[in-house]
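Okay, here's what each chain looks like letter by letter:
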Amino acid sequence: MLSELQRTKLGYFFSLLDLNRNDLLQHNDFSDMAEQVRLKLDLEEGSSEHKYVAEKSIRLFHQLLSDISHGDHQTIRKDEWLSFFDAKFGDPVDEGVLETYQELIYLYVFDFFDHNRDGFITKDEYQWFFEIFKLDEQFLDKSFSKLDSNGDSKVSRYEMLAAIEDFLISDDPDSSGNWAFGNWTVNPK
Ligand SMILES: [Ca+2]
Ligand SMILES: [Ca+2]
Ligand SMILES: [Ca+2]
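Residues numbered from 1 in each chain as written. Chains lettered and ligands numbered in written order. Predicted model: local features only at pLDDT ≥ 70, side-chain atom pairs only at ≥ 80, totals over all residues. Heavy atoms only, no water.

**Student:** Summarise the coordination of the calcium ion (ligand 2); cite the residues concerned and give the values.
**Tutor:** For a metal with four tetrahedral donors the ideal donor-metal-donor angle is 109.5 degrees, while six octahedral donors give ideal angles of 90 or 180 degrees. At 2.3 to 2.6 Å from the calcium ion (ligand 2) lie its protein donor atoms, namely Asp-114 (OD), Asn-116 (OD1), Asp-118 (OD), Phe-120 (O), Glu-125 (OE) and Glu-125 (OE). Relative to the metal, the six donor atoms surrounding the calcium ion (ligand 2) lie at angles of 52 to 156°, and the coordination shape comes out irregular. Judged by its relative accessible area of 4%, Asp-114 is buried. (Donors = N, O, S within 2.8 Å, 3.2 Å for Na, K, Ca; no water. Tetrahedral: all angles 85-135°; square planar, octahedral: opposite > 155°, others 65-115°. Buried < 20%, exposed > 50% of the residue type's maximum accessible area, 1.4 Å probe, protein only.)

Now the structure itself:
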């Protein structure tokens, strides 16, 4: 079973992805996210960069649908989301699923927010993540410093993967990875 701490973090992550905050993950949460990235980066509508962003965003939704959603409806409810992760990340952790989601979430952050494609996320790049997902920017500095474990002012692939693992499975309230995506203790509005 998931611990209360894990449930809180995973519930927070659901609400973050649920861009229109209607308590359901649906196609429009992911297409709207791609559209906001497009506007932010000033990509021409229909350009190949725009298509890349749109396809990548929908890919995560499709993976989630095939793993989590029951039947053929194109919607994921929070209780379905939590019971999927309860089965996979409760004790014992399904290492294969953990690796899959670590990589998916890592790609989700880096594909959209590593704008200069140097393989690192800077604080400015992370600020866009906070803006697009409408997270409380009061916690930007704290999240960034928790992610940047070697303190070189940028987040590497290694640092991000370690933080995501903590975020998904750690049961320690003091794990730095708990803060990877902002203030996990309060659902984003
Ligand atoms: Ca939604
Ligand atoms: Ca970068
Ligand atoms: Ca670093």
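After that view, the rundown keeps rolling.
**Student:** Go over the pattern of salt bridges, please, and point to the residues and values.
**Tutor:** As enumerated under the stated definition, the model contains eight salt bridges in all. Across the salt bridge formed by Glu-35 and Arg-38, the nearest N and O atoms sit 3.0 Å from each other. Separated by three residues within a single helix, Glu-35 and Arg-38 lie in helix H2 (residues 27-41), roughly one turn from each other. Looking at Glu-35, the relative accessible area reads 27%, which means it is partly exposed. Notably, a salt bridge pairs Lys-40 with Glu-131, separated by 2.3 Å at the nearest N-O pair. Within this pair, whereas Lys-40 is found in helix H2, its partner Glu-131 is found in helix H6 (residues 123-132), the two being separated by 91 residues in sequence. Each of Glu-35, Arg-38 and Glu-45 takes part in a single network of salt bridges with overlapping partners. (Salt bridge = Lys/Arg side-chain N within 4 Å of Asp/Glu carboxyl O. Helix = DSSP H or I, 4+ residues; strand = E, 2+ residues; numbered from the N terminus.)

**Student:** Which residues make up the coordination of the calcium ion (ligand 1), and what are the values?
**Tutor:** Surrounding the calcium ion (ligand 1) are the protein donor atoms Asp-18 (OD), Asn-20 (OD1), Asn-22 (OD1), Leu-24 (O), Asp-29 (OD) and Asp-29 (OD), at 2.2 to 2.6 Å. Considering all six donor atoms around the calcium ion (ligand 1), the spread of angles at the metal, 51 to 160°, places the coordination shape in the irregular class. Each donor residue of the calcium ion (ligand 1) belongs to the same chain, and together they define the spacing D-x1-N-x1-N-x1-L-x4-D. The exposure class assigned to Leu-24 is partly exposed, which follows from its relative accessible area of 23%.

**Student:** I'd like to hear about the packing of aromatic side chains, residue by residue, with values.
**Tutor:** Counted under the stated rule, the structure contains 24 aromatic pairs. Seen in terms of ring centroids, Phe-112 and Phe-113 are 6.4 Å apart; in terms of plane orientation they differ by 80°. Their pairing is edge-to-face. Pairing Phe-113 with Phe-133 gives two aromatic rings, centres 6.3 Å apart and planes at 50°, and the pair type is tilted. Remark: Phe-133 occurs in the loop between H6 and helix H7 (140-147) and Phe-113 occurs in helix H5 (residues 95-113); sequence separation between them is 20 residues. This pair shows no difference in class: Phe-113 is buried, exactly as Phe-133 is. The lysine or arginine in question, Lys-9, covers the ring of Phe-167, its NZ or CZ lying 5.9 Å from the ring centre. The positively charged end of Lys-142 is found above the aromatic ring belonging to Trp-179, 3.8 Å away from the centroid. (Phe/Tyr/Trp six-rings, centres within 6.5 Å; stacked < 30°, edge-to-face > 60°. Lys NZ or Arg CZ within 6 Å of the ring centre and 35° of its normal.)

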